[in-house]
Structures are given as C-alpha cells and as structure tokens.
Amino acid sequence: MWWWIAAAALANGDGSHLWISETARDQLPVGALRDFLEDPAAWEAVRAGSLFPDGGYGVDHPYGEHAHWPPFHRAYRGWIAARWQPPYQGEAALHLGLLLGMISHGTADQVYDGLYMERAREEDGGSDWGQSFDEATEVCFLAATGPQELPPLELPYDALAALLTADGVAVDANTLRRGQAAVNLAVLWASGASQDPERVAAYQAQFPWGCVHQIDEDQPGAPAHEARVVAHAWAQTWAALSGDLAPGGVLDSSPLDGGAGLPEAGVGARVGLFLASPLLSAQVPELALRVVDEAGVEVEISRRLFYRDHSQLLLIEPVAGWTPRAAHTLTLGPVDDAWGEALLTDPWRLHFSTAPPPADTGEVREEPAPSGCSQAGRGERWGPLGLLALGALRRRRRCQTPHTDRQIGETGLTHTQEERVTLPCRRPRRTG
Ligand SMILES: [Zn+2]
C-alpha cells in the first residue's frame, strides 16, 4: 500500500491547498459569504473541493485537469444557481462549498506556478528539476505550517460525475471516489513526511530557495499571495451567484497598486494580473495594454497568459527592462473575456515603480528589498528547525507598504496573513 501512497504524493501537493483555503477564508470581511463558510458542513466541502481537481491526476483521468479551470467552474456555478437560492444549506451548501474549493485550487495553481515557481526556476537554477518541485515544497511547507487534517471522503460523486460528463468529460462516480481517496492519502503522506527532519532537510537541499520562500508572505505567488487572490475569487463567485453581473475586472495584481522596488529585469520584474474571468490566448496580442514611464515614454512589453486558453493570469514583462528608478503606469482595457462578456468596460490602471520603496515605519521590520521586503535568508540553507523558526518569525513580522493597505481597503478585504505562514500547491498540466 505504501507504494500507492508515495505515488499519489508525487502527483499531488494538496496540504498546501488546504492551508490556502483556510487563509483565504480568514481574510474575508464579515458578511454573508463569511457566514456561509462558518457552516461546518459547507467548510468541510470547501476543504474537499480544494483537493478535488488533483484527484484526477491520482487516478490518471482527465476529469482532474478539467476541474482545474474556469469553464467547468462556470458550468457548476450555473447548475447551482438554477437549483438553489441563498441561504445555501444542506445539499446546496455541499455543492457550493465544493465549487468554492475547486475555484481555490485552480486559482492557487495559476498564481503559484506563474509567479512563484517561475521565480524558483531562476533562483534554484542549479537544482535538479527532474526531482519533484511540488513534492519537495509541499513537505517543506507542511513542516513550517503543520500537518493537515483530512477532509471528508464521502461526497456527492453521482452528481459530480453527471456534471463532468455533461461538460464533456465522461467519468463515473467510482473513479471520482478513488481520485478523492488518492488526494487524501497524499495529504496524509506529506503531513507525515513533514515531521521527519531528515527528510525535510533533504527536500530543502533539493530546492533551497523554493522551499524556504514559501513562508514569505510578501513573495509574489507564495501561498499567502495565493490566499489573497482566492479570497477575491470567492467574493466574485458569491457576487455572481447573488445576481451581481457587473464586470469583475482585475481581481489582484503583483505588485499591488503603488508597489515600489520592482527590479528592472528578470523574473522579479514580471507584472502579474489575475482577472475575474479568463481569456483566450488568441485575445492577448490584441489586448488594449500599454505601460508608460513617468516621462510619458512607452515601454516595450511582452504579454502572455500563463498556461493556456481560459487562464486568468496575465503576465507582462519589459522586453529590454523597465525604466530605472522611475514610476510606471500600466493601462489595460476595455476587455471582454473568453465568452465575449465584458471584463473591463473602462481602462484599468496599475502604478508601480522601480525606485526603492519608501522607508517602512512598522515597529518590526527588516531592510527593504526589491520585492518589497522579507528577503532575509535568501540563498541560505535553513535546517528544518530553522525553517520552523523562520515561520514563527514571519508570523510576527508585518511588512506591508501603505499601498498594500490601500488596495485592500478598496476591495473590502481584511488582511490577516501576518498571522499565517505559507504553502505550495499542485500544478495543472500544460495542455495548450
Ligand atoms: Zn492542481
């Protein structure tokens, strides 16, 4: 049996997804959505849904890939909306919880892979990438944040199988159940491995930067960032279910509006925009998108969707570097989404700078660094106990710019991630 557990772990890193969903819930403001997630039955469904997409990988079935992406989430949302109205209780709570969990998973995968793993490929360029980055970072993260309890295994598999089949991926209930058992076992395995200091040290040696910087709450694409985006995506889904059909626009950006200290070139110079609904790759070259510096000079950029059609993460980077020590303004829109519906009806703007960030006035802080802060320990190899100590340090440390706080105020989301640490997730396969 152990061989099967180990194999599942190779295909799944889902303890991270459980942490991300929990952290996203804790960032939501008091209100109807937060109340819904306080329902224990709904919350356990969210946790199960947060693993569900990777179950397909565990049993080598395409339903897993399909459940990662917005087209299925949209179909599922429509199915729920046709049957139930708020308050969502009983069977309705079960399905809405599962949907929110799947959205958490798909959102997190895009953010982590597009922003964090891409940076790790640069920082850990000398590592053997034939080893599983997901497995290593999962175990390191659980070592820092603690083992995860398993979500329930009994889900409405008949209904889910019918939904997936109607959406073009024929699958039966038994296959879904086996997939969910596989991801649960993967979490169990990784939770156990995370308590073995020698094993954690070995994973850390494989990917020194990737393992350690997950617990940096300010690192683009790291679990704390993923959780922030998930909270936005959940709020957007809740609004859509409530009949709010206003264009969702840009849910999150990296850097946040007003961010400073962006490197002029390299992976760290990349700007990531997470959209409320997906685009098609063919739309990207035609997008109304430009960046000008403070002198009004347009900066030549490249742009792409991270992964494929129906992704929500738009990556923008300078062809020859951003203007040194200068403010920049990115303008996007109007834009329609992959279904031809309005995503942005007016131009949307993001302000960022390659000049150093203003001095941090917080009571506990460290030297400013290119990504904003919390770069201490970069390039160092922390032992498992050091990793735990770093996690505790990050929980105490608050390192946000005034711009960060303003952005959060505008979205209505509270920010409690300084009380949390970070975590990785699973990568959907490149299919397009
Ligand atoms: Zn995944």
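To be clear, the structure that these remarks concern was listed above.
Quick summary incoming for the structure in this document.

Rules used throughout
Residues numbered from 1 in each chain as written. Predicted model: local features only at pLDDT ≥ 70, side-chain atom pairs only at ≥ 80, totals over all residues. Heavy atoms only, no water. Helix = DSSP H or I, 4+ residues; strand = E, 2+ residues; numbered from the N terminus. Buried < 20%, exposed > 50% of the residue type's maximum accessible area, 1.4 Å probe, protein only. Contact = heavy atoms within 4.5 Å. Areas by Shrake-Rupley, 256 points an atom, 1.4 Å probe, with all protein chains shown as cover. Donors = N, O, S within 2.8 Å, 3.2 Å for Na, K, Ca; no water. Tetrahedral: all angles 85-135°; square planar, octahedral: opposite > 155°, others 65-115°. Pairing = 2+ DSSP bridges. Axes fitted to C-alpha atoms, helices over the stretch in contact; angles between N-to-C directions. Core = buried A, V, L, I, M, F, W, Y, C linked by side-chain atoms within 4.5 Å. Domains from an automatic or database assignment. Salt bridge = Lys/Arg side-chain N within 4 Å of Asp/Glu carboxyl O. 1 Å grid on protein atoms, 1.4 Å probe; cavity = no way out; pocket = protein on both sides within 12 Å on 5 of 7 lines; lining within 4 Å. Points joined across faces, edges and corners; volume = space filled by probe spheres on them. Nonpolar A, V, L, I, M, F, W, Y, C, P; charged D, E, K, R; others polar. Disulfide = S-S within 2.5 Å. Expected span 1.5 Å × (residues − 1). Bend = angle between axes of the 7 residues up to and from the residue. Polar contact = N/O pair within 3.5 Å; in protein donor to acceptor, adjacent residues only side chain to side chain.

**A closer look at the overall build of the chain**
- The helix and strand tally for the chain stands at 15 helices and nine strands.
- Expressed as a percentage of its 432 residues, the buried residues of the chain come to 59%.
- Put simply, 78% of the contacts in the chain that link residues at least 6 apart link residues at least 24 apart.
- A total of about 16500 Å² of accessible surface is found on the chain, and carbon and sulfur atoms cover 53% of it.

**Quick word on the coordination of the zinc ion**
- Only D54 (OD), H68 (NE2), H105 (NE2) and D109 (OD) from the protein reach the zinc ion as donors, at distances of 2.1 to 2.4 Å.
- Classification of the site at the zinc ion as irregular follows from its four donor atoms and the range of 88 to 177° in their angles at the metal.
- If you list the donors of the zinc ion from N- to C-terminus, the spacing comes out as D-x13-H-x36-H-x3-D. In this pair, H68 sits in the loop between helix 5 (63-67) and helix 6 (70-83) while H105 sits in helix 7 (residues 91-123), placing the two residues 37 residues apart along the sequence. With respect to burial, H68 and H105 carry one shared label: buried.

**What to know about the sheet that holds strand 3 (residues 289-293)**
- Spatially, 3-6-9 is the arrangement adopted by the three strands of the open sheet, whose pairing is antiparallel. Only two strands of the sheet have a single neighbouring strand rather than two, namely strand 3 and strand 9 (348-353). Strand-to-strand twist in this sheet, taken as the mean axis angle between neighbours without regard to direction, amounts to 20°.
- The sheet contact formed by strand 3 and strand 6 (residues 327-332) spans five bridges and is antiparallel. Bridge pairing in strand 6 links R290 to T331.

**What to know about the environment of T237**
- Relative to the elements of secondary structure, T237 occurs in helix 13 (residues 223-241).
- Between the C-alpha atoms of T237 and I103, which are 134 residues apart in sequence, the distance is 8.9 Å.
- Those residues in contact with T237, other than ones at most four positions away along the chain, are R77, L99, L100 and I103.

**Overview of the nonpolar core**
- Counting 86 residues, the largest nonpolar core has Y76, W234, L273, W322, L330 and L332 as its most contacted members.
- Here this core gets 11 residues from one element, more than from any other, and that element is helix 7.
- Here this core gathers at least three residues from each of two domains, domain 1 (2-241 + 380-419) and domain 2 (250-353).
- Listed in part, the 19 residues of the second largest apolar core include F133, A136, W189 and V200.

**Thoughts on the pattern of salt bridges**
- Under the defined criterion, the tally for this structure stands at 13 salt bridges.
- With a closest N to O distance of 3.9 Å, R121 and E118 form a salt bridge. With R121 and E118 both in helix 7, this residue pair falls three residues apart, about one helical turn.
- When its relative accessible area of 36% is taken as the criterion, R121 is described as partly exposed.
- Between E154 and R177 there is a salt bridge whose closest N-O contact spans 2.3 Å. Residue E154 is located in the loop between helix 8 (133-145) and helix 9 (157-166), and its partner R177 is located in helix 10 (residues 173-193); the two are separated by 23 residues in the primary sequence.
- On the accessibility criterion, E154 (52% relative accessible area) is exposed.
- Three or more residues joined by partner-sharing salt bridges are found here, namely E118, R121, R270, R304 and E317.

**Focus on the layout of surface pockets**
- Volume-wise, the second largest pocket comes out at about 530 Å³.
- Lining of the second largest pocket is provided by 29 residues; of these, R77, Q236, A240, A276 and S277 occupy positions nearest its centre.
- Elements represented by at least two residues in the lining of the second largest pocket include exactly helix 6, helix 7, helix 13, strand 2 (271-279) and strand 8 (342-344).
- Broken down by element, the lining of the second largest pocket gets its largest block of residues, five residues, from helix 7.
- Grouping the constituent residues of the lining of the second largest pocket by class yields 14 nonpolar, 10 polar and five charged.
- The two domains that each donate at least three residues to the lining of the second largest pocket are domain 1 (2-241 + 380-419) and domain 2 (250-353).

**Examining the side chain of Q110**
- Within the element layout of this structure, Q110 appears in helix 7.
- Once you skip the residues sitting within four places of it in the chain, Q110 turns out to touch W69, F274, F306, S311, Q312 and L313.

**Focus: the state of the cysteines**
- Under the criterion given, the structure shown has one disulfide.
- Two residues share a disulfide in this structure: C140 and C211, whose sulfurs sit 2.5 Å from each other. A torsion of 70° about the S-S bond marks the disulfide between C140 and C211 as right-handed. Note that C140 is positioned in helix 8 and C211 in helix 12 (residues 208-212), a separation of 71 residues in sequence. Here C140 and C211 have matching classes, each one buried.

**A closer look at helix 4 (residues 40-58)**
- The first and last C-alpha atoms of helix 4 sit 27 Å apart over 19 residues, in line with the 27 Å expected at 1.5 Å per residue.
- When the local axis directions of helix 4 are compared, the greatest deviation, roughly 40°, occurs at F52, which is followed within four positions by the proline P53.
- Along helix 4, 15 of the 19 residues are buried, which leaves the element largely enclosed by surrounding structure.
- For helix 4, the N-terminal cap is D39; the gap from its side-chain oxygen to the backbone nitrogen of A41 is 2.9 Å.
- Phi turns positive, to about 55°, at D60, one or two residues after helix 4.

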